[in-house]
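Geometric and topological summary
Each chain is listed here by its residues.
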Amino acid sequence: MKLPEPAKIFFFLLFLVLCTNAKGIAQETQPYINYRGQRVPADSEDFYPLELSTEPYGQNQAFLSIDIIFSQPVDPRSIKREKIIVNKHELSPASSFHFNKEANLLRLLIREQLPTFFSFSLEDVQSYSGRVMEKFLIEKLGREDKLLYDREDGTWKKS
């Protein structure tokens, strides 16, 4: 038996709708996050800092740049000036912070004179997947240090 032309079109459209819905249902079973306008699968691993490095910059190397690399992209809305503590004071208004495109690198540009060694603390940092990083404190950070985070004992070690 041969189907009339409108019936073929109807069944073809019905088939397309069913395939589209099945694909949409399968995709929704995985957790996704909105990352820069794109749907990205949510990370299930822990969120922690990987590396921290300091480097002088500016005229006469008077100012300081601190780079922190994270295990997951950081939600920039979670970074607040009052949560970045440098030498027991919150980040000054003259200083700034920036992210790379992947949002896993935080660069702090500290535009104030700091001693050779100072303390540094960061808290309440959240990843795009909603994981919150534990507060960390480095008591004695130098102007040209490179530290790696040891997850096993939760300490920073010079590299």
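A short tour of the structure in this document, coming up. (Residues numbered from 1 in each chain as written. Predicted model: local features only at pLDDT ≥ 70, side-chain atom pairs only at ≥ 80, totals over all residues. Heavy atoms only, no water.)

1. Side note on the sheet that holds strand β6 (residues 89-90)
Taken in spatial order, the four strands of this open sheet run β6-β5-β9-β10, and their pairing is antiparallel. Lying at the two open borders of the sheet, with one neighbouring strand each, are β6 and β10 (136-142). Where strand β5 (residues 84-86) meets β6, two bridges bridge the pair, whose relative direction is antiparallel. Along β6, the bridge assignment pairs Ile 85 with Glu 90. (Pairing = 2+ DSSP bridges. Helix = DSSP H or I, 4+ residues; strand = E, 2+ residues; numbered from the N terminus.)

2. Considering the pattern of salt bridges
Following the criterion strictly, the structure yields nine salt bridges and no others. Across the pair Arg 151 and Asp 46 runs a salt bridge, and its minimum N-O distance is 3.0 Å. Pair noted here: Arg 151 is in the loop between β11 (146-150) and β12 (155-158) and Asp 46 is in the loop between β2 (38-41) and β3 (49-57), with a separation of 105 residues, a long-range link. For Arg 151, a relative accessible area of 46% corresponds to the partly exposed category. For Arg 107, the salt bridge goes to Asp 67, with nearest N and O atoms at 2.7 Å. Separated by 40 residues along the polypeptide, Arg 107 in strand β8 (residues 105-110) and Asp 67 in strand β4 (residues 63-70) bring together distant segments of the chain. You can call Arg 107 partly exposed: its relative accessible area is 35%. (Salt bridge = Lys/Arg side-chain N within 4 Å of Asp/Glu carboxyl O. Buried < 20%, exposed > 50% of the residue type's maximum accessible area, 1.4 Å probe, protein only.)

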